[in-house]
Amino acid sequence: MTPQRGKLYINHGEDDQMEVYGYERSIVKTSVTWVFIVLTAGLLRLFFFWLPHLMVRAMNKRCSLDRATVLVFRDEYKQWFVSHVHVVTKDGHPVNAGRVRSVSGGSNTPLADVEGAKKSNVIRYFVTKKIKYVWDTEYSHFIRLKGIEDNVTCNYFHDAACLSFNEVFRSRVLYGFNSIDIHVTPIIKLLFKEVLSPFYIFQIFSCTLWFVDEYMYYASCIVLISVLSITATIYQTRKMQRALRNTIQSSTIVTVIRNNNECMEINSDDLVPGDIIEIPRSGCLMQCDAVLVSGNCIVNESMLTGESVPVTKTPLPNPRFTHEDSKVYFNVKDHARHILYCGTQVMQTRYYGGHKVKAVVFRTAFSTAKGELVRSILYPKPVDFRFNRDTYIFVGILGVISVMGFIYTIILMVRRDNLVEDIIIRSLDLVTIAVPPALPAALTVGIVFAQSRLKRARIYCISPRSINVCGSINTVCFDKTGTLTEEGLDMHSIVPVHDGKFGLELSSVKMLPRGNMMVGMATCHSLTIIEGVLSGDPLELIMFESIGWELKEPGMEESSNFDTICPTIVYPKTEEPVGPVYHNLTSRFEIGIVRQFTFSSSLQRMSVIVRQLGSDHFDIYTKGAPEMVSSLCVTDTVPPDFHDVLMTYTRHGYRVLALAYKPLSDRLKYPKLQRIEREQVERGLTFLGLIIMENRLKPETTQVINQLNRANIRTIMVTGDNMLTALSVARESGFVKPTEPIILVQAFPPQTDAVGNVTETPHVEYVYTDAREDVEDNVNSMGIKDGGADIEKGQGRIYHFAVTGKSWAVLKEHFSELMSKIVVRGTIFARMSPDQKAQLVENLQDLGYYVGMCGDGANDCGALKTAHAGISLSEAEASVASPFTSKNANISCVPTVIREGRAALVTSFGIFKYMACYSLTQFLSVLILYWISNNLTDFEFLYIDLILLTSLSVTFGRTHAYGKLHRVPPLVKLTSVAPVLSLILHIIIMLAVQVFFLFYIKQASWFVAFVIDPEDEYNYISYENMAIYVSSTYQYIILAIIFSKGKPYRKSMFTNYAFLVNLIIVFGVTAWLNIYPTDAVAEFFELQMPPDVPYRFIFLGVGFINLLLCLLLETFVLDSHFMTVTVQNKLERILPGARPRYEEVESLLQANSTWPPVTSEDLASTFQRLDSAYQSRSTLNEMDNLSLSGSESGSIRLTASTGKQRTRLDNGILSGVDNPTYHGDEHSNESTRL
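These numbers come from a predicted model, not from an experiment.

Some details on the nonpolar core
Part 1 of the argument: Counting 98 residues, the largest nonpolar core has Y914, I1001, Y1029, F1085 and F1099 as its most contacted members.
Part 2 of the argument: In terms of residue count, helix α30 (residues 893-931) provides more of this core than any other element does, 17 residues in total.
Part 3 of the argument: Once residues within four sequence positions are removed from consideration, Y914 is found in contact with L948, L949, L952, S953, Y1036, L1039, A1040 and F1043.
Part 4 of the argument: Of all hydrophobic cores here, the second largest spans 44 residues; its members include I473, L708, M723 and L873.

Thoughts on the sheet that holds strand β9 (residues 122-128)
Part 1 of the argument: Pairing in this open sheet of 5 strands is antiparallel, and the strands run β8-β7-β9-β10-β11 from one edge to the other. Edge positions in the sheet fall to β8 (94-95) and β11 (141-144), since each of these pairs with one other strand and no more.
Part 2 of the argument: Sheet topology places β9 next to strand β10 (residues 131-136); 4 bridges connect them, and they run antiparallel. Across the sheet, residue Y125 finds its bridge partner in β10, namely V134.
Part 3 of the argument: Packing of helix α5 (residues 165-175) onto the sheet brings it into contact with β7 (86-89), β9 and β10, and relative to β10 it is tilted by some 105°.

With respect to the sheet that holds strand β16 (residues 289-294)
Part 1 of the argument: One open sheet accounts for 6 strands, arranged β13-β12-β14-β21-β16-β19; its pairing is antiparallel. Each end of this open sheet is capped by a strand with a single partner; those strands are β13 (262-267) and β19 (339-340).
Part 2 of the argument: Summarising the sheet, strand β12 (residues 253-258) and β13 pair through 6 bridges and their orientation is antiparallel. Bridging across to β13, I257 finds its partner in C263.

A look at the packing of helix α26 (residues 805-814) against helix α28 (residues 834-846)
Part 1 of the argument: Closest axis-to-axis distance for the α26/α28 pair is 11 Å, and the angle between their directions is 55°. Our classification of the angle between α26 and α28 gives oblique. Crossing handedness for the pair α26 and α28: left-handed. Contacts between α26 and α28 pair G805, W808, A809 and K812 from the former with Q836, Q839, L840 and N843 from the latter.
Part 2 of the argument: Tallied by class, residues from the contact of α26 with α28 come to 3 nonpolar, 4 polar and 1 charged.

Examining the environment of E1132
Part 1 of the argument: Its place among the elements puts E1132 in helix α37 (residues 1121-1134).
Part 2 of the argument: For E1132, a relative accessible area of 12% translates into the label buried.
Part 3 of the argument: Remark: the alpha-carbon pair of E1132 and S976, spanning 156 residues in sequence, is separated by 9.6 Å.
Part 4 of the argument: The residues contacting E1132, other than those within four sequence positions of it, are K973, A1138 and R1139.

Let's talk about the pattern of salt bridges
Part 1 of the argument: Evaluation of the coordinates by the stated rule reveals 23 salt bridges.
Part 2 of the argument: The salt bridge involving E372 is made with R144; its shortest N-O contact spans 2.5 Å. Of this pair, E372 sits in helix α10 (residues 369-378) while R144 sits in strand β11, and the two are 228 residues apart along the sequence.
Part 3 of the argument: With a relative accessible area of 28%, E372 lands in the partly exposed category.

What counts, and where the lines are drawn
Residues numbered from 1 in each chain as written. Predicted model: local features only at pLDDT ≥ 70, side-chain atom pairs only at ≥ 80, totals over all residues. Heavy atoms only, no water. Core = buried A, V, L, I, M, F, W, Y, C linked by side-chain atoms within 4.5 Å. Buried < 20%, exposed > 50% of the residue type's maximum accessible area, 1.4 Å probe, protein only. Helix = DSSP H or I, 4+ residues; strand = E, 2+ residues; numbered from the N terminus. Contact = heavy atoms within 4.5 Å. Pairing = 2+ DSSP bridges. Axes fitted to C-alpha atoms, helices over the stretch in contact; angles between N-to-C directions. Parallel < 35°, antiparallel > 145°, perpendicular 65-115°, else oblique. Left-handed = near helix turned anticlockwise from the far one by under 90°. Nonpolar A, V, L, I, M, F, W, Y, C, P; charged D, E, K, R; others polar. Salt bridge = Lys/Arg side-chain N within 4 Å of Asp/Glu carboxyl O.

This is the structure in structure tokens:
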């Protein structure tokens, strides 16, 4: 908790930062507040129900947090929350929070961030957004309660002792039960919550008024509709809550080691941080976050990553074996490969002998990875959509208008000496007319139909409110692999290296000699056998299967015969050697994988240590990104044309991997291999060659990207893949036109010498990704005259930036002033980490873009959740946080979502204007009739509100989306020029028509003025009433027609057959009521029909004129390019802050002809210079980071009593294991094979 500018914060500087205010009970303020609640007949209490934080302020007084009994929070989205402070003893007994002023004590236990919680007599805490915060006396603030994750050394987990029953009890008091509890709200509570919402309170007020005024039929219908609506809402809410609970909430029986190494089976809800659990060999669904300390696990992390690829989890490295007298701190991000996350599925385990696979629980309940995902669902980022904000503004304006009508009615009726009761009823009735109660429900009509159409297109939406937002999307970010390109790869070729030079490209792997290159392809992977099927990363599967080898893993029976680790064995299907042989090739060519350094996205590589049957030493093979692997190799073994050859393939969109190897010293024995750090052996390698794989574009990709470009929707590629590959895919798929240059933004970090002095400051370079000649051809083809564009100055004005993840980090840290320019013109972002993807989306949003994100779920979850509209192509659980999920795994869903979003947004615009004009038209009708002490009758209201309004509003939204995306997106601001003028001008026309008929009918020879009936005050039968009512009924139909717009965002209303039939029916009924109703019908509606039948056709004729005038006004004036674009843009230039920031940045870029200062340089040398800059920067720190994040060091346990133990496995793959008396932790450090 950090003070800033007089404010206090919890989670300061984090994503969930919130302002906090402390309050304590005030008897005086509480008493005064309750007096006002009674005086207002409970209305003040109802107001506090809607805004509980104001009730806290009204009844309590501000105080310091150490005295507070209730806290008020405001998050970054301006949402308010209230939490009460609780105090319990360490034994779980509650204490009156108001009597506790401080908590004393301290602790050095790593079980929590809260220093005083463990040894103090009481625990003072509160819970908000499912997270517990505990009072820290030393710093006098509340700290988020965490598990064993901060300020904890790795040694702690290896030294962790079993918890006693007393420790478990106290930990449960502090942490609570390990349950991600999804509460299903009771029906009675939901009922009160719905009924007491502002919408239904207004409905109750309106219906009560109508019943008092004897509008029995209409009020009864509204009550019936409201009951059905509330029932449906409660049913849907509970259905969704139950579905979420059934999906998320789970518990199981786990084996835990407690109380002097006693194994016991307990419910997973009873787990606490610090517990040591056993992972069963058959696997399990993890119910907590735990650190693996022994054995290995194969885990499906699709819940987190969206990718159902088995992941190897290895034990946490034990620093005592490699970092003497040093503390290596545990870090969740760096040690992710050693963590079993809650919600992930452990598919199987690997261990040796009779030892068990163990893990130490470090987070439970909502603090876990799964808990954070559920919290993001329960407390989503509110959609800050301009249309929604503007609707509140317009409702407020309608409220002001209703107040004006309220005053008008009071003045009018007081002057006529009407009864007070009549004055109250008539004036309040006008309020219910001006503010339409059905507006919120009507606005959801378009969304409901759009959601239904998306479902038929196999696109599922869990956040319907996001559909309207999709209509405003003007930028879409795409992941590459699995999104733009096919998920699977095809083996294209092998490019081996001999004596530091590239050999001939081998298009068939069968042509590859059985040597180091083939052995590397056979062993350097993380494949495993699950239920008899070879499983793992698709890329590695293709690589392994292409060479025709077999993989064998030890079974339970086999491994139990030896008190050591059984390796994975690989061997060729055929024994005949081809070409040069590998080592001393015998008749049995088998290789054991005895150690694996798993792949890390931050390290961009993986390695394995292997031994061939009969060999006297081990070898290490490394596979990964070519740039990374080459940097680990001896310079002489890397071909001098390495970057040129690499670019040849990556520019054509191929996926390129590099292989390297090194024979290890024969003095390096098996026990030491299991403790060695990866950076100690991943250096001085020999470069073996390149593996070329073809990652084809999906058939739909280019077509969709071109479609979005034609619609003026910006497309951005953000990928973790190689920059050159990304550039090739961007050109091929249409992100960048052939005539448009791409400028590579290279940000170099500061360089320091050995003592830390800065030798070179950070700087940015801009380099064309194409040759200078190509750039000149591109610029010339764009029609730029000589002198009009300086190629070295980047003055072609149409250019795209390409940025790598490394450069992004440097720009963000050292060149924040350039970020807006880079983001506005950036099209290709490569080698981006998951966090950087989310940062890019946030930067785009900050500039005013409405951003969509489309990814396959792997590493895209953060960006999918951050974007205005995330579209996941994965059906994994991670996509539950994405508003949209497409069952069709290609990007064709993107234009579909945008088209439906635009249709829904235009529908919401139309319905809002229709509802506003309807209420104002009826408001004016009543005001006119009030002038003559008249009003619409009960059944006239009923026909307008139920037959016309309800039916037209429902069928209005059934119009389908237009088949093509228009270049200009629909308006998102109701306060724009066109919508405001539309409402004003149409209302003026409606008022003019009604006033015309009011005066025109008085000119008829048969006209008789309305006179109040003293015996029946509700007798409104008159010619004036008929004139206003009939003319207005045509106007409600006219409004529905003119606001039901078609092209370019919706299809023509003539394709909406339900709406057409509805129009025909209501027009027919209205014309019948106007021209020749039966006496019974006229009496039912209380209509005084003109005796002259031809006269009645005047209403029909004026109605057509009214329709024609409104159509011409809406179509040719208000919807014109001049009004919607030209006038709107001029107005935005005048009003400060009206234009989005990205337009201002774009204008600056266009005006600045000297930026960026672009140079032409060979890309290979450019990448070499950048790689060198990063390799030379903080080498010692980098090596240390590599050792912490990538190593799987640990120990094995040998029980032989002789000086040397020789294993029998495969006649010597693990032969020569020395030091048999060594006893270490009971865990192996193998990957999935061990």
